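Report on the structure
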Amino acid sequence: MKKIFITAIIASAALTSCSSDDDGGVAISENVEAPATYNFERGGNSTVSFSGQTTRILMAEEVLEAFKDFDNTTEASLQSMFAHVQGADDFSNADLNDSDKSIRSKTAASKDFFGANATEAAQIKNTFDGYISTQINEVFPNQNVLAAPGVAGQIADGSSVRYVTEKGLEMNQTFAKGLIGALMADQMLNNYLSTAVLDEADNRENNDADITETDKSYTTMEHKWDEAYGYLFGTSTNAANPLATIGEDDSFLNKYLGSVTNDPDFDGIATDIYNAFKLGRAAIVAKNYEVRDEQAAIIRQKVSEVLAIRSVYYLQNGKIAIENGAMGGAFHDLSEAYGFVYSLRFTRNNTDGMSFFSRSDVDSFINDMMNDGANGLWDITPATLDAISEAIAAEFSFTIAQAASAE
Amino acid sequence: MKKFLVVLAAFFLIIACSKNDDGTPTQEQEEDEIAFNREAMLINWADNIIVPGYEELESSTTALTWVVTDFIDEPTESNLFALRLQWMDTYRSFQKVSLFEIGKAEEVRFRDRMNTYPTNATEIQDLIANGTYDFSLPSTNDAQGFPALDYLLNGLGEDDAEIVSFYQGANGVAYKNYLESVSSSIKVLTTLVLDDWNNGFRDDFVANSSSSASASVDKLTNDYVFYYEKSLRAGKVGIPAGVFSNNPLPGNVEGFYSETFSRTLALDALNATEGFFRGRAHNCINCYDESFETYLDYLNTIKNGEDLSDLIIAQFEVSKNKMLELQPSFIEQIEMNNSAMLQTYDELQRNVILLKVDMMQALSINIDYVDADGD
């Protein structure tokens, strides 16, 4: 009796698990196949377009250059690069000047997180304005002063020179790494991959019926998905097949996805994200919205992980530099950490649709970093850096040791 | 009696066993592990190599400031000639100590302030025109030290008459002031480092003879291998030969303006790294003491059936001979036949592997530097 009973349970369990797996797998993806590369066509014409994202990445690159151009940059010139108005002579690249796109208008501007949260959106935009103003009003005047606690100026980082605020922050780093969250990740994860955007108005009906946008080869839904793709691969040497040059194509998300995927602990994460983009896009063509949303969830999880891994990486490397008394190197790492930690606000947790870290989580991390003493990073302790690293890593399945070493 | 002996033997056997069994090492075993005298090696390094090296450099920088004063008083072609000779002499003494970036040298960024090249001629001209400069600012690394002197003594004009003319007339004072500041800064930094060795650091250095990341042997070994890899192999040969760029960069050779001096400087640095490996006393051909060589031999480190120390010494020899085949001017060498530069680089690179991987592994020393991630 016992034997029969047990056998029956095992058998039924085996059957149950098998059948549920098969059902799930087969039913959802049977009509969707990802192409070899990110190439999609309709009637012989490519349907892929993300020129607006390429434009914003290129604008942001010029902003970063201008942050360190002591001889030519003013607060007004840097601010108008950030909040470009069509026709203004802000950039060295004439195409960017002609563009009606701006970085600032898309900073903290996702539909899901900020559509009904104008207060925080304005606060975040003001924070980036503040980075600009601090750089021009605090760091620039002290270009030829040696940095010290409470004194902005320059400091050696090995053979490099870093220019820091009186609290040891490099504003070009906080700006750049903060933008990876507030612009790239936020637009991708919380806007273009969101059902509120993909399925807005009659997007589904139009996509089902292959009704393209006026004078375009793509449906609105296809285009939204591509715009998410563009924030990662918009300046890739070969955007359809971008993994060969991952990490080399911009100073933002592409660069740091490259850094993470080159760490053997996270080997393959760039391929996973790329494959999810391809399969999700193919699912839109196949009108299979379940597969599409599954792929969006993969991208949200993994891009969030990239920001968290890089946060911990720089916090831990800053800690090592402090322990070695290399303050210039520490400030450089910790300024990058500051920006990546700020970016954690724009991550996306699939279980509740919220960020992995709330506004107050992120604010308290930043507050902890800057307030171990009166002089910000000059006073920061290894214990504080470990505590923040632990709190970040606890939300994910990687360890601090895995994130801290790039080898 | 026989019986007694057997019992006695058994007794000793038991004692021997119990000693081993209780887990604590016997005195003999303990001595075995620490038998290589790291402190003796540190003493040899400090007293016979490093401090004499800084003493030589210090007196040479003093001579340099005198000759600079002569030239400033009388900016003539013959005084320029004398100043150049002294500059070369002092620059060569610097190559013997540049690898010891530890203690005060590390603190003041000695190597970066003495020898960042290519020097920045535009910045030097700006600073001369401006009249105020602070060489403690890291942004002035490439406007001071020996490469800045190279520009001031060899690069200002087409020929000696034109160079000397910069130090004459109305603007001459600004050039004289800059020349004086650069040479006195070289002397001040050297004195700082030497004084620190003589006033306590030498004893701390020798006493810190344990094995840990912050111990003297571990730290200086890292500094040594870092220097060999980055400053010698890459800086003096690889970068100008274009190993890390699309094209060769002859403008990046050491001693660029003097033109015929680059091989001498590279050979001096190579001799210094080889001498340090073998524990050879400063300026002595045949005085050897405890060193990486004897440490590796003590550990009996074998690679592919040969003593690792022999392999490293042989590779130093191959590298040196390869380098001796090059033109005295690396600029000429790169423009005539860059592949000979690349071959020299390859020979230098072989010892990077032996030093950085095999030796450091054998000595159980962790590498404490990584290649910067480039941002």
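A word on the overall build of chain A
For chain A, the count of helices and strands is 17 helices and 4 strands. Summarising its shape, the C-alpha atoms of chain A cover approximately 80 × 65 × 40 Å along the three principal directions. Each of the 407 residues in chain A was classed as buried or not, and the buried ones make up 47%. Put simply, 64% of the contacts in chain A that link residues at least 6 apart link residues at least 24 apart.

Comments concerning the overall build of chain B
Scanning chain B from terminus to terminus reveals 15 helices and 2 strands. Within chain B, the proportion of its 375 residues that are buried is 40%. Long-range pairs, those at least 24 residues apart, make up 73% of the contacts in chain B with a sequence separation of at least 6.

Description of the interface of chain B and chain A
Listed per partner, the contact involves 11 residues of chain B and 9 residues of chain A. Taken together, the residues of the side of chain B that touches chain A break down into 3 nonpolar, 4 polar and 4 charged.

Let's talk about the domain arrangement of chain B
Residue and element names in this part refer to chain B. Here chain B is partitioned into domain 1 (43–209) and domain 2 (210–370). Computed from C-alpha atoms alone, the centre-to-centre distance between domain 1 and domain 2 is 24 Å. Taken together, the contact between domain 1 and domain 2 spans 26 residues of the former and 31 residues of the latter. Among the elements of the structure, α3 (38–73), α4 (77–95) and α8 (145–155) are those that each provide at least two residues to the side of domain 1 that touches domain 2. The element best represented in the side of domain 1 that touches domain 2 is α3, accounting for 6 residues.

Some words on the pairing of strand β3 (residues 153–157) of chain A
Residues and elements named next belong to chain A. β3 sits mainly inside the fold: 5 of its 5 residues count as buried. As defined by bridge partners, β3 adjoins strand β4 (residues 160–164) across 5 bridges and the pair is classed as antiparallel. Bridging across to β4, A156 finds its partner in V161. Connecting β3 to the antiparallel partner β4 that follows it, the hairpin turn spans 2 residues, and G158 within it adopts a positive phi of roughly 60°.

Structural notes on the environment of T55 of chain A
Residue and element names in this part refer to chain A. On the secondary structure map, T55 appears in helix α2 (residues 51–67). Linking T55 and L96, residues 41 residues apart in sequence, is a C-alpha distance of 6.6 Å. Leaving out residues up to four positions away in the same chain, T55 has contacts with L96, S99 and K101.

Quick look at α8 of chain B
All names here are of chain B. In terms of burial, α8 is a largely internal element, 9 of the 11 residues being buried. Of the positions making up α8, those classed as buried are G145, F146, P147, A148, L149, D150, Y151, L152 and L153. On its buried face, α8 is in contact with α4, α6 (110–114), α7 (121–130) and α10 (172–207).

Thoughts on unusual backbone geometry
Residue and element names in this part refer to chain B. With omega at 5°, the peptide bond leading from Y117 into P118 counts as cis. Assignment of secondary structure puts P118 in the loop between α6 and α7. Non-glycine residue N283 carries a positive phi angle of around 55°. Following the sequence through the fold, N283 ends up in the loop between α12 (262–278) and α13 (292–298).

With respect to the packing of α3 of chain B against α4 of chain B
Packed helix pairs are specified by the crossing angle of their axes together with the interaxial distance, meaning the distance between the axes. Residue and element names in this part refer to chain B. Put simply, α3 and α4 touch, their axes get as near as 9 Å, and they point 165° apart. Classed by the angle they form, the pair α3 and α4 counts as roughly antiparallel. The chirality of how α3 crosses α4 is left-handed. Between α3, through E56, L57, S60, T61, A63, L64, V67, V68, D70 and F71, and α4, the contact on the second element is made entirely by N79, L80, A82, L83, Q86, W87, D89, T90, S93 and F94. Within the contact of α3 with α4, the residues separate by chemical class into 11 nonpolar, 6 polar and 3 charged.

Comments concerning the nonpolar core
Proteins that are soluble and globular tend to have nonpolar side chains buried together. V63, A185, M188, L253, L257 and V312 of chain A are the most contacted members of the largest nonpolar core, which totals 110 residues. At 13 residues, helix α13 (residues 289–323) of chain A tops the list of elements feeding residues into this core. In this structure, I50, L99, V193 and L311 of chain B belong to the second largest nonpolar core, which totals 83 residues.

Structural notes on the environment of G145 of chain B
Residues and elements named next belong to chain B. Within the secondary structure, G145 is located in helix α8. For G145, a count of 27 C-beta atoms within 10 Å gives the class buried. Non-local contacts of G145, meaning those with residues more than four positions away in its chain, are made with R113, M114, N115, T116 and I186.

Describing the packing of helix α7 (residues 171–192) of chain A against helix α10 (residues 220–233) of chain A
Residues and elements named next belong to chain A. Viewed as axis vectors pointing N to C, α7 and α10 meet at an angle of 160°, and their least axial separation amounts to 9 Å. As far as their axial angle goes, α10 and α7 are roughly antiparallel. When the axes of α7 and α10 are compared, the crossing they make is left-handed. On the side of α7, the interface is formed by M184, Q187, M188 and Y192, while α10 contributes K224, W225, E227, A228, Y231 and L232.

What to know about the confidence of the model for chain B
Residues and elements named next belong to chain B. When pLDDT is averaged along chain B, the result is 91; 89% of the residues meet or exceed 70. Low pLDDT, under 50, characterises residues 1–32; the predicted model gives this stretch 2 contacts beyond four residues in sequence or across chains. Confidence estimates for the predicted assembly give a pTM of 0.85 and an ipTM of 0.77.

What about the environment of E74 of chain B?
For E74 of chain B, the location among the structural elements is in the loop between α3 and α4. Taking the C-alpha atoms as reference points, E74 of chain B and M323 of chain B, separated by 249 residues in sequence, lie 39 Å from one another.

A short note on helix α14 (residues 308–324) of chain B
In an α-helix, one turn spans 3.6 residues, which is why side chains three or four residues apart end up on the same side. Residues and elements named next belong to chain B. Between its first and last C-alpha atoms α14 spans 24 Å; for 17 residues at 1.5 Å apiece the expected length is 24 Å, and the two agree. By the burial criterion, the buried members of α14 are L308, S309, L311, I312, Q315, F316, S319 and M323. Here the buried residues of α14 occupy an arc of 160° about the axis, which is enough to place them on one side. Opposite the packed face of α14, turned more than 90 degrees from it, sit the exposed residues E317, N321 and L324. Structurally, α14 contributes buried residues whose contacts are with α12, α13, β1 (302–303), β2 (306–307) and α15 (330–362).

Here we look at the confidence of the model for chain A
Per-residue pLDDT for chain A has a mean of 93; in total, 92% of the residues score no lower than 70. Scored below 50 in pLDDT, residues 1–27 of chain A makes 0 contacts in the model with residues more than four places away or belonging to other chains.

About the thresholds
- The written sequence of each chain sets the order in which its residues are numbered from 1.
- Chains and ligands are labelled sequentially in the order written, the chains with letters from A and the ligands with numbers from 1.
- Per-residue local features of the predicted model are confined to residues with pLDDT of at least 70, and side-chain atom pairs are confined, for both listing and counting, to 80 or more; whole-chain, interface and lining totals are unaffected and use all residues.
- Numbering goes from the N terminus for both helices and strands, where a helix is a DSSP run of H or I of at least four residues and a strand is a run of E of at least two.
- Our exposure labels follow a C-beta count within 10 Å of each residue's own C-beta, placed from the backbone: buried means 20 or more other C-beta atoms, exposed means 12 or fewer, and partly exposed covers the counts in between.
- Residues are defined as contacting one another if the C-beta atoms placed from their backbone atoms lie within 7 Å.
- Three residue categories are used. Nonpolar comprises Ala, Val, Leu, Ile, Met, Phe, Trp, Tyr, Cys and Pro, charged comprises Asp, Glu, Lys and Arg, and polar comprises the others, including Gly.
- Domain ranges listed in this record stem from an automatic or a database domain assignment.
- Strands are labelled as partners when DSSP assigns at least two bridges between them.
- Between N-to-C directions, angles cover 0 to 180 degrees, with each direction set by a line fitted to C-alpha atoms, over the stretch in contact for helices.
- Just so you know how the angles are binned, under 35 degrees is roughly parallel, over 145 roughly antiparallel, 65 to 115 roughly perpendicular, and the rest oblique.
- Crossing handedness is defined as follows: a turn of the near helix away from the far one that is anticlockwise and smaller than a right angle gives a left-handed crossing, while the clockwise case is right-handed.
- Here a nonpolar core is just a set of buried residues of the types Ala, Val, Leu, Ile, Met, Phe, Trp, Tyr and Cys, joined wherever their C-beta atoms sit within 7 Å.
- Confidence scores here are pLDDT values: one per residue, from the predictor, ranging 0 to 100.
- Expected span of a helix: the number of residues minus one, times 1.5 Å.
- Relevant arc is that of directions from the helix axis to the C-beta atoms, nothing else.

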